[in-house]
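Notes for the structure review
What follows is the residue order along each chain.
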Amino acid sequence: LASGVLYPMGKEEEGIELLRESVELGSEHLGQEHSEVISGRLQLAKILWRRGDPEGRPAFAAAVESRKQVFGARSPEYAGALIDLGRLLMDVDADLRAARRALERASEIFMDQPDVARHIAASTSRLALICLIERDYGCANANALAYTEAAKEALSIDYVLVGHQRHALALVGLGKAADAEPILRDVLAQTQALNGDSHPRTGRAMWALGYCLDLLGEDEQAESMLVQGLRLHGAMPNSPSPERQLGLSYLRAFLESRGRSPDEIPGLLGW
């Protein structure tokens, strides 16, 4: 508990040491496979992995396997660990193929469980995004719709709007940009009303609309939305986020297709 308080306060090293101590004490007195010890191992490994420590990924994989052995291969506890594994593979390692496998397995398990809409939302949300990046638009659409339904049941309107947005982006990929445009305009208007004009979620909604407008031939409006969206969404050249890198790649292609240089990007985004 103390490590969980210290780490968000910026006292990372102190928090990590307390977490290590708790895992060691738990392993000694309760055993490596005790549920609380497994949770501590997962938390410690997650922090190390995000920090770039080579110990992190194998330690996390071992703790996930422990959850599987203790709770069972069809348990919600194991599926929850798979969701975390998918997020780390995607956000830290940019290993979309492995992330997709982990999230698909988690989603499959949760679909058989009662009252787990929040967990279904967590897995299908990331799956929709991965499928969009991989241009598997049918998969993206199916997961976006499943995510939207789960989000309606278990999450706030913000998350429902993300589901609508990913559904619309899948429609764009399927060649239905004209159908997607009114959905994306509505998502942007509602996101602005909920979060204000300068929130990263508003930026994500702007970028999505800009992408759609580009394919509809609305060059000037598309560029404005793409640039404003990336600025608000925090896109930086070294960002590990596949979603932000996708946005930057698209802006680069947008400029080049109009005979302009990608060297304009730092100025456009205010780097």
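Values in this document were obtained by computation on a predicted structure and should not be read as measured data.

Here is what the cut-offs are and how they apply
- Every chain's residues receive numbers from 1 upward, in the order its sequence appears when written.
- Only residues with pLDDT of at least 70 get local features here, since the model is predicted, and only at 80 or more are side-chain atom pairs given and counted; chain-wide, interface and lining totals rely on the full set of residues.
- For the side-chain quantities, the full set of heavy atoms in the structure was used; hydrogens and water were omitted.
- Helix numbering and strand numbering both begin at the N terminus, where a helix is a DSSP run of H or I of at least 4 residues and a strand a DSSP run of E of at least 2.
- For this measure, only C-alpha atoms enter the radius of gyration; the expected value for a globule follows 2.2 Å times N^0.38, where N is the number of residues.
- A simple rule labels every residue: compare its accessible area, found with a 1.4 Å probe on the protein chains alone, to the largest value its type can have, and call it buried under 20%, exposed over 50%, or partly exposed in between.
- Whether two residues are in contact is decided by their heavy atoms, any of which lying within 4.5 Å being enough.
- Residues scored as positive are Lys and Arg, those scored as negative are Asp and Glu, and His as well as the terminal groups of each chain are ignored.
- To locate a charge, take NZ of a lysine, CZ of an arginine, CG of an aspartate or CD of a glutamate.
- In this description, a disulfide is simply a cysteine sulfur pair whose atoms lie within 2.5 Å.

Quick notes on the overall build of the protein chain
The helix and strand inventory of the protein chain stands at 14 helices and zero strands. Starting at the N terminus, the α and β elements of the protein chain follow one another as α-α-α-α-α-α-α-α-α-α-α-α-α-α. Here the C-alpha radius of gyration of the protein chain, 20 Å, is about what a compact globule of 271 residues would show, namely 18 Å. Expressed as a percentage of the 271 residues in the protein chain, the buried residues total 46%. Look at the contacts in the protein chain between residues 6 or more apart in sequence, and 54% of them connect residues 24 or more apart. Across the protein chain, the centroid of the 29 positively charged side chains sits 2 Å from that of the 39 negatively charged ones.

Structural notes on the state of the cysteines
Here the structure, examined in full by the defined rule, presents one disulfide. With a sulfur-sulfur separation of 2.2 Å, C131 is cross-linked through a disulfide to C139. For the residue pair C131 and C139, the accessibility class agrees, reading buried in each case. The structure places no disulfide on C212, whose sulfur is separated from the nearest cysteine sulfur, that of C131, by 20 Å. You can call C212 buried: its relative accessible area is 0%.

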